[in-house]
Amino acid sequence: RARALLQQLPPQDCDERYCPELAEEERRQLRAFSARRRQEALGQGLACPVPGPCHGCPCRKCGRRLNKGDPGISASRLGDQFWHPSCFSCHFCQQQLVDLIYFQQDGRIYCGRHHAELFRPRCASCDQLIFMEECIEAEGRRWHLEHFCCLECDEPLRGQRYVMRSGRPCCRGCFESLFAEPCQACGDPIGTDPAGAWAPRQGRVLALPSPVVDPAGADSEEVTHQGLHWHARAACFCCSLCRAP
């Protein structure tokens, strides 16, 4: 329960004490953002039997009938609506809401995490909301400018080429020395081919707020067989005797 509560209601989304590196202007924005959400969206569902006047009403989520006396959940911010207990879940992640705590937006209920992300991007590195004027966008995710770094050497990657490794960016040097497979023909690492078969990607600096999502790049082009690797080009993956592709 505690783990689910922290996931659905990240304390850093509402309390600046969990964000010690924020600048004063970012702190001010976080305080205003949190106060507005509490005032306009935060609520707690009430578990109670469906009352007589609501007999036969449809569950707000699944549409199935709720009868008088059935266990139900009501949410005061959404009027005379009822949910089956198992249906009282976040519209985005579909997880049941811990302690029935919800945030409403446009007639839908969300956990705190995904409600906040309707309005501010979340840094893929520190898991905090981004209140800076700019951030890095890469692979459809966002980072604080200072947090978009190589997963191995912590080299800042703003404006630099990178390779994704397990969902995190890696600089070209670390990728080639630690992760890239050598081609059996030419010996060069596969994945950062200077001839252009595959190029490392580059993140974009975005001004916020911005709804733009632009997944980048293609996967490395290689051929594998029995644990061996080749560049997917005629000069490398070819017959060892006649050199035919």
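Residues numbered from 1 in each chain as written. Predicted model: local features only at pLDDT ≥ 70, side-chain atom pairs only at ≥ 80, totals over all residues. Heavy atoms only, no water.

## A word on the pairing of strand β12 (residues 168-171)
Stage number 1. Alignment of strand β11 (residues 161-165) against β12, held across four bridges, turns out to be antiparallel. Across the sheet, Val163 pairs through a bridge with Cys170, a residue of β12.
Stage number 2. Hairpin connection from β11 to β12: two residues lie between these consecutive antiparallel strands, with Ser166 at a positive phi of about 55°. (Pairing = 2+ DSSP bridges. Helix = DSSP H or I, 4+ residues; strand = E, 2+ residues; numbered from the N terminus.)

## Some remarks on helix α2 (residues 24-40)
Stage number 1. An ideal rise of 1.5 Å per residue puts 24 Å on 17 residues; α2 measures up with 24 Å between its terminal C-alpha atoms.
Stage number 2. Buried residues along α2 sit in contact with β1 (42-44), β7 (101-105) and α3 (112-116). (Expected span 1.5 Å × (residues − 1). Contact = heavy atoms within 4.5 Å.)

## Quick notes on the confidence of the model for the chain
Stage number 1. The predicted model of the chain averages 82 in pLDDT, with 79% of residues at 70 or higher.
Stage number 2. Confidence, read as mean pLDDT per element, is least for strand β15 (residues 222-225) in the chain (58) and greatest for α3 (97).
Stage number 3. Taken together, the stretch residues 209-220 has pLDDT below 50 and engages in 23 contacts with residues farther than four places along the chain or on a different chain. (pLDDT = per-residue confidence, 0-100.)

## Considering the side chain of His144
Stage number 1. Residue placement: His144 occurs in the loop between β10 (141-143) and β11.
Stage number 2. When residues no more than four places from it in sequence are discounted, the contact partners of His144 are Cys123, Cys126, Gln128, Leu129, Ile130 and Met132.

## Some remarks on the nonpolar core
Stage number 1. Within the largest apolar cluster, 19 residues are counted, with the highest numbers of intra-cluster contacts made by Trp143, Phe148, Cys150, Leu157, Tyr162 and Cys170.
Stage number 2. Listing elements by their share of this core, those giving two or more residues are β9 (134-138), β11, β12 and α4 (172-178).
Stage number 3. One finds Cys57, Ile73, Leu97 and Tyr102 within the second-largest nonpolar core, a separate group that totals 18 residues. (Core = buried A, V, L, I, M, F, W, Y, C linked by side-chain atoms within 4.5 Å. Buried < 20%, exposed > 50% of the residue type's maximum accessible area, 1.4 Å probe, protein only.)

## Brief notes about the packing of aromatic side chains
Stage number 1. Counted under the stated rule, the structure contains six aromatic pairs.
Stage number 2. On the numbers, 5.9 Å between centres and 85° between planes, the contact of Phe88 with Tyr102 is edge-to-face. With Phe88 in the loop between β6 (82-83) and β7 and Tyr102 in strand β7, this pair connects stretches of sequence that are 14 residues apart. Tyr102 shares its class with Phe88; the two are buried.
Stage number 3. Members of the aromatic cluster, connected to one another through ring pairs, are Phe33, Phe119 and Phe131.
Stage number 4. Between Arg37 and the ring centre of Phe103, over which it is positioned, the NZ or CZ distance is 4.2 Å. (Phe/Tyr/Trp six-rings, centres within 6.5 Å; stacked < 30°, edge-to-face > 60°. Lys NZ or Arg CZ within 6 Å of the ring centre and 35° of its normal.)

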